[in-house]
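# Observations on the model geometry
Now for the letters of each chain:
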Amino acid sequence: MRILVIEDEKKLANYLKKGLEEHHFAVDTCNDGEEGLFMINSHAYDLVVLDIMLPLMDGFEILRTARKSGLRMPFLLLTAKDAIEDKVRGLDLGADDYLVKPFSFIELTARIRALIRRGKVHYQTKLTVADLSLDLATHRLYRNGETIDLTNKEFALLEFFLRNLNIVLTRTQITEHVWDYNFDSFTNVVDVFVNRLRNKIDKNRETKLIHTIKGVGYIMKEK
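Since we're looking at a predicted model, the values are computed, not measured.

The next subject is the pairing of strand E12 (residues 217-220). One ladder, built from two bridges, connects strand E10 (residues 169-170) with E12; its direction is antiparallel. Bridge pairing in E12 links Thr170 to Gly217. In this sheet, E12 lies alongside strand E11 (residues 210-213) in antiparallel orientation, the contact comprising four bridges. The partner of Thr212 across the bridge, within E12, is Tyr218. Counting the residues in the hairpin turn of E11 and E12 gives three residues, including Gly215, whose phi is positive at 80°.

Listed below in structure tokens is the structure:
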């Protein structure tokens, strides 16, 4: 899943990006409101972490504009203000939750998981197909009882496949949800990572799970 962090404190933005990537999210960051709104309108994000106090355009205006244009992804507000009026204003404008700085990273990830559960993406702790099981809590993959090691990007790719079982996914869709803004969509990186994943979960197994749809993309299904 892909998250946008809009935060003008670059050190904090980079810290959040690194931490969330370790939890297998694809993360983009930007440091002012105008760029943030542009990113929201240009990419398919599953969730936005939004600071209120931003240069050029504040978080309230971003929220108002995004909701007015019909964008429904969850917004988690970050603010140094603890006044009840700011919290109420943010929620009234369409925010789904908020955190007051300073906050713990553990609480941030817990709130993100809660928002994902309540949102359009059904969040489960285990995703399965056939004899394959991906445990999101422990970050472990099993097939027929065997533990398989994955890199962070392979894990994110497999999770996206498992959340979209029996659905044909184009390379563009995979790119939008598994890679960040810096990804070069004109390379064959998606195909490379799909092949790496295949070698780990399908090689030498009777039941193949990842299938190529020629000229379109890929699908994960049991048969």
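Moving on from the model shown.
Counting 27 residues, the largest nonpolar core has Leu158, Phe161, Ile174, Ile201 and Met220 as its most contacted members. Counting only elements with at least two residues in this core, the list comes to strand E6 (126-129), strand E7 (132-135), helix H6 (152-163), helix H7 (171-178), helix H8 (189-201) and E12. At seven residues, H6 tops the list of elements feeding residues into this core. Not counting residues up to four positions away in its chain, the partners in contact with Ile201 are Leu132, Leu141, Arg143, Ile148, Leu158, Ile210 and Met220. Formed by 21 residues, the second largest nonpolar core is a distinct cluster that contains Leu37, Ile40, Leu50 and Leu63.

Overall, the coordinates contain two aromatic pairs when judged by the stated rule. Taking the centre distance of 5.8 Å and the plane angle of 70° together, the rings of Tyr15 and Phe105 count as edge-to-face. Of this pair, Tyr15 sits in helix H1 (residues 10-22) while Phe105 is found in helix H5 (residues 105-118), placing the two residues 90 residues apart along the sequence. Summarising the aromatic geometry, the rings of Trp179 and Phe193 are spaced 5.5 Å apart at their centres and angled 75° between planes, so their arrangement reads as edge-to-face. With Trp179 in the loop between H7 and H8 and Phe193 in helix H8, this residue pair connects regions lying 14 residues apart in the sequence. By relative accessible area, Trp179 is classed as buried at 7%. Over the ring of Phe193 we find Arg196; its NZ or CZ atom is 4.8 Å from the centre of that ring.

On to the sheet that holds E7, then. The pairing of strands in a sheet happens through backbone hydrogen bonds and is either parallel or antiparallel. The sheet built from four strands is open, its strands ordered E6-E7-E8-E9 with antiparallel pairing. Each edge of the open sheet carries a strand with a single partner, namely E6 and strand E9 (146-148). Neighbour-to-neighbour, the strand axes of this sheet turn through a mean angle of 20°, independent of strand direction. Pairing analysis gives four bridges linking E6 to E7, with the strands arranged antiparallel. Across the sheet, residue Lys126 finds its bridge partner in E7, namely Asp135. Across the sheet, H6 is in contact with E6, E7 and strand E8 (140-143); its angle to E7 comes to roughly 115°.

Per the UniProt annotation, the sites labelled "modified residue: 4-aspartylphosphate" (unreviewed entry) are Asp51. In this structure, Asp51 sits in strand E3 (residues 47-51). Apart from residues lying up to four places away in sequence, Asp51 is in contact with Ile6, Glu7, Asp8, Gly59, Leu78, Thr79 and Lys101.

Conventions and cut-offs
- Residues numbered from 1 in each chain as written.
- Predicted model: local features only at pLDDT ≥ 70, side-chain atom pairs only at ≥ 80, totals over all residues.
- Heavy atoms only, no water.
- Pairing = 2+ DSSP bridges.
- Helix = DSSP H or I, 4+ residues; strand = E, 2+ residues; numbered from the N terminus.
- Core = buried A, V, L, I, M, F, W, Y, C linked by side-chain atoms within 4.5 Å.
- Buried < 20%, exposed > 50% of the residue type's maximum accessible area, 1.4 Å probe, protein only.
- Contact = heavy atoms within 4.5 Å.
- Phe/Tyr/Trp six-rings, centres within 6.5 Å; stacked < 30°, edge-to-face > 60°.
- Lys NZ or Arg CZ within 6 Å of the ring centre and 35° of its normal.
- Axes fitted to C-alpha atoms, helices over the stretch in contact; angles between N-to-C directions.
- UniProt positions renumbered as here; feature names shortened; annotations may be inferred.

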